[in-house]
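Breakdown of the fold
So you can see what is in the structure, the chains are spelled out below.
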Amino acid sequence: MPKKSDEHSDLLVQKNAEIEKLEQMLAAVLHYLSDDEIEEIDIEYLLSNTDNLREWWGSYREKNKKKLEDEIKGSLNRLSLEELEHIREQIKNKNE
C-alpha cells in the first residue's frame, strides 16, 4: 500500500506537469496575439496549431457546463411566465 506522502508527491508531480502544459499553451497563444503581422485573430488557427489547446478548451467548457446549468436553474424563478414560455419554445424547437 502506497504511503500518503508518496500519493501526495505523485499528485504534486501531476499538478506541476499540468501547470507546465498550461503555461506552454498560454505562451503560444500570447505569442500569436502579440504578432504585429496578425491583422485578424483566427481562433480556429489557435486551436489547431497550439498543442493540446483544443482538448483543454473542450474539457474546460464541459466542466463549466454544470455551473452554467445551475446558474440558469437558479435564475428561472425570476423570469416572467412569458419568458419561461419563450425558453420552453426554444428548447422544443431545438429538440425537433
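Residues numbered from 1 in each chain as written. Predicted model: local features only at pLDDT ≥ 70, side-chain atom pairs only at ≥ 80, totals over all residues. Heavy atoms only, no water.

1. Notes on the side chain of T50
One can find T50 in the loop between α2 (43–49) and α3 (53–75). A polar contact is formed between the side chain of T50 and the backbone oxygen of L46, at a distance of 2.9 Å. In contact with T50, not counting residues within four places along its chain, are M25 and A28. (Helix = DSSP H or I, 4+ residues; strand = E, 2+ residues; numbered from the N terminus. Polar contact = N/O pair within 3.5 Å; in protein donor to acceptor, adjacent residues only side chain to side chain. Contact = heavy atoms within 4.5 Å.)

2. Looking at the packing of aromatic side chains
Throughout the structure, instances matching the rule amount to 4 aromatic pairs. Where W56 meets W57, the ring centres are 6.2 Å apart and the plane angle is 35 degrees; that geometry is what we call tilted. Residue class for W56 comes out partly exposed when judged on its relative accessible area of 34%. Accessibility expressed as a relative area gives 38% for W57, which makes it partly exposed. Pairwise contacts between aromatic rings join W56, W57 and Y60 into one cluster. (Phe/Tyr/Trp six-rings, centres within 6.5 Å; stacked < 30°, edge-to-face > 60°. Buried < 20%, exposed > 50% of the residue type's maximum accessible area, 1.4 Å probe, protein only.)

3. Overview of unusual backbone geometry
With phi around 70 degrees, N52 is a residue other than glycine that occupies positive phi space. Along the chain, N52 falls in the loop between α2 and α3.

4. Considering the pattern of salt bridges
Per the stated rule, a full pass over the model turns up 2 salt bridges. With a shortest N-O distance of 2.3 Å, E44 and R54 are connected by a salt bridge. Here E44, found in helix α2, pairs with R54, found in helix α3; they are 10 residues apart in sequence, far enough to count as distant. We classify R54 as partly exposed; its relative accessible area is 36%. (Salt bridge = Lys/Arg side-chain N within 4 Å of Asp/Glu carboxyl O.)

5. A word on the nonpolar core
One finds M25, V29, Y32, L46, L47 and L53 forming the largest nonpolar core, which totals 6 residues. Among the elements of the structure, α1 (4–33) and α2 are those that each provide at least two residues to this core. When residues in this core are grouped by element, the largest group, 3 residues, is from α1. In contact with V29, other than residues within four places in its own chain, are L46 and L53. (Core = buried A, V, L, I, M, F, W, Y, C linked by side-chain atoms within 4.5 Å.)

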